[in-house]
Amino acid sequence: MRSSSHVACILAAMFEKFGRNRMRISEKTLKVVGQRKHLKAAHVQYVSDDLEEFDIALVSINRGFCLLRMSALDGERSYSFKTFKSESEMPWRDEDAMWSETSHLRDIDVDDD
């Protein structure tokens, strides 16, 4: 088994070789790179923490993991409460409207109570 810092170094090298701002890897790839039979949440968290030293974020997604260059997000627009021009545009003004607006973003159905 490889340590989390060793795995992070290998993933960072792979990331640099492909030269992209993001890269998707499967759980199997993470197991193979780490020479592990099972992936434990603690190990994934340690790898994620170690990747931050390389300016890379590890994000869990439905089909594995995504590696993102954190500095690539620096140029993105920032959103805050002031972004909404008036109180009526705020999505949380009505809880039912908020759930309706965001239900398509969730993997589960929103049931009425």
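Small disclaimer: the values here were computed from a predicted structure and weren't measured.

## Things to note about the overall build of the protein
For the protein, the count of helices and strands is 4 helices and 3 strands. Start at the N end of the protein and walk to the C end: the helices and strands fall as α-β-α-α-β-β-α. Expressed as a percentage of contacts within the protein between residues at least 6 apart in sequence, the contacts between residues at least 24 apart total 51%. Of the accessible surface of the protein, which amounts to about 8,800 Å², a share of 50% is contributed by carbon and sulfur atoms.

## Description of the pairing of strand β2 (residues 56–61)
One face of the sheet, then the other: side chains in a regular strand alternate in exactly this way. Pairing analysis gives 6 bridges linking β2 to strand β3 (residues 64–69), with the strands arranged antiparallel. Its bridge partner being in β3, I61 is matched across the sheet by G64. The loop that links β2 with its antiparallel partner β3 comprises 2 residues.

## Considering the nonpolar core
Counting residues in each nonpolar core, the largest one holds 16 residues, and the members touching the most others are L11, I25, L30, L51, L58 and L67. Taken together, the elements giving at least two residues each to this core come down to α1 (4–18), β1 (22–25), α2 (27–34), α3 (41–51), β2 and β3. In terms of residue count, α1 provides more of this core than any other element does, 5 residues in total. Not counting chain neighbours up to four residues away, the residues in contact with L51 comprise A8, L11, A12, I56, L58 and L67.

## A word on the pairing of β3
Most of β3 is tucked away: 5 of the 6 residues are buried. Looking at chain direction, β1 and β3 are connected through 4 bridges and run antiparallel. Bridge pairing in β3 places M23 opposite L67.

## Focus: the sheet that holds β1
One open sheet holds the 3 strands; their spatial order is β1-β3-β2, and the pairing between them is antiparallel. Unpaired on one side and paired on the other, β1 and β2 mark the two borders of the sheet. The average undirected angle you get between the axes of adjacent strands in this sheet is 20°. Packing against the sheet, α1 makes contact with β1, β2 and β3, and its axis sits at approximately 125° to β1. Sheet strands touched by α3: β2 and β3. Its angle to β2, the strand with the most contacts, is close to 150°.

The rules behind the values
Residues numbered from 1 in each chain as written. Predicted model: local features only at pLDDT ≥ 70, side-chain atom pairs only at ≥ 80, totals over all residues. Heavy atoms only, no water. Helix = DSSP H or I, 4+ residues; strand = E, 2+ residues; numbered from the N terminus. Contact = heavy atoms within 4.5 Å. Areas by Shrake-Rupley, 256 points an atom, 1.4 Å probe, with all protein chains shown as cover. Pairing = 2+ DSSP bridges. Core = buried A, V, L, I, M, F, W, Y, C linked by side-chain atoms within 4.5 Å. Buried < 20%, exposed > 50% of the residue type's maximum accessible area, 1.4 Å probe, protein only. Axes fitted to C-alpha atoms, helices over the stretch in contact; angles between N-to-C directions.

These values are about where atoms sit, not about what they do.
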